[in-house]
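# Topology and contacts: notes
Read off the chains here:
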Amino acid sequence: MGQELIRAEGAWSRAQSAPLFAHWMEMMIVSALEGSMGSVWTLEDAPGGALVECADFLFLSSRSTRSAESLLRAWKQERAGRYAILVARDPALSALAPAVFGGDASPTRRYAFHKGGEDFDRSRLACFADAAPPEVRVCPFDRETYRMAMAAPWSRSFCEQFRSEEDFLARGLGMAAVCNGELVGGASSYICWSGGIELQVETRRDMRRQGIALACCARLILRCLDRGLYPSWDAANPESAALAARLGYRIAGPYDAWELYPA
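Residues numbered from 1 in each chain as written. Predicted model: local features only at pLDDT ≥ 70, side-chain atom pairs only at ≥ 80, totals over all residues. Heavy atoms only, no water.

We now examine the packing of aromatic side chains. For the structure shown, the criterion picks out 14 aromatic pairs. Aromatic side chains Phe57 and Phe59 sit 5.8 Å apart centroid to centroid with 10° between the ring planes, which places their arrangement in the stacked category. Assigned by exposure class, Phe57 and Phe59 land together as buried. Each ring, one from Phe120 and one from Tyr249, has its centre 5.1 Å from the other, and the planes form 80°; the classification is edge-to-face. (Phe/Tyr/Trp six-rings, centres within 6.5 Å; stacked < 30°, edge-to-face > 60°. Buried < 20%, exposed > 50% of the residue type's maximum accessible area, 1.4 Å probe, protein only.)

Within the open sheet, the 5 strands sit side by side as S7-S8-S9-S10-S11. Their pairing is mixed. Strands with a single pairing partner mark the edges of an open sheet, and in this sheet they are strand S7 (137-140) and strand S11 (230-232). The mean inter-strand angle of the sheet, taken between neighbouring strand axes irrespective of direction, is 30°. Where helix H2 (residues 27-34) meets the sheet, it contacts strand S9 (182-193), strand S10 (196-203) and S11, and its direction lies at approximately 55° from that of S9. (Pairing = 2+ DSSP bridges. Helix = DSSP H or I, 4+ residues; strand = E, 2+ residues; numbered from the N terminus. Axes fitted to C-alpha atoms, helices over the stretch in contact; angles between N-to-C directions. Contact = heavy atoms within 4.5 Å.)

Here helix H9 (residues 212-227) is 16 residues long and its end C-alpha atoms lie 23 Å apart, about the 22 Å a rise of 1.5 Å per residue gives. The first or second residue beyond H9 is Gly228, which carries a positive phi of 70°. (Expected span 1.5 Å × (residues − 1).)

Here is the structure:
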């Protein structure tokens, strides 16, 4: 019988795992460690490792491959069954993914960005804010656009990581693109923490390449800057990375991850 996961409850308990991620500038880890969103998982007899689960992401850090493998096997036993993205900065730990998950693990490449120090050009962003076609209305996410987003598979990621509609309206932040009464794109807080948001951007397939993503992202970044919040960006593909660079983010480079699919 495998070991059981232990969820770190309370600030003191979560802080015990913080040194494992001390040099990992990832805002979803920050969110979980401070208790805003996500969970920190450990094993009772393997304190040298921890697994941060936030939204669709799993961040693995451990002082030994043995404890890391035990963590992954425990997570698979207790938590698997949905899509997730596993990230481990140590190549030896990353290599555990196919051993633990077999054919359910597929390698992927993502693109990281430096966190902080961006020189966002407000005037440039203000120009981008008007990039959408005139028939597309770009407005802050509200109760109506939240419900539109949650009603369609392509747009659920704008809001679905929050516990409820009320939770999103209280803590979430986003800009929605609406055309003819339908949600066609937007940029939103995938997750949040005390100092900012992780930015999520999407455009309905038939409305792409019309400046909608650029406009929504520019307006959301400006809104974050006005509120003293940091709009973090992590790219799933080169197109997203190029959009981020255009908006003022500084690319740190590609990194390898694993997509975990339900068995």
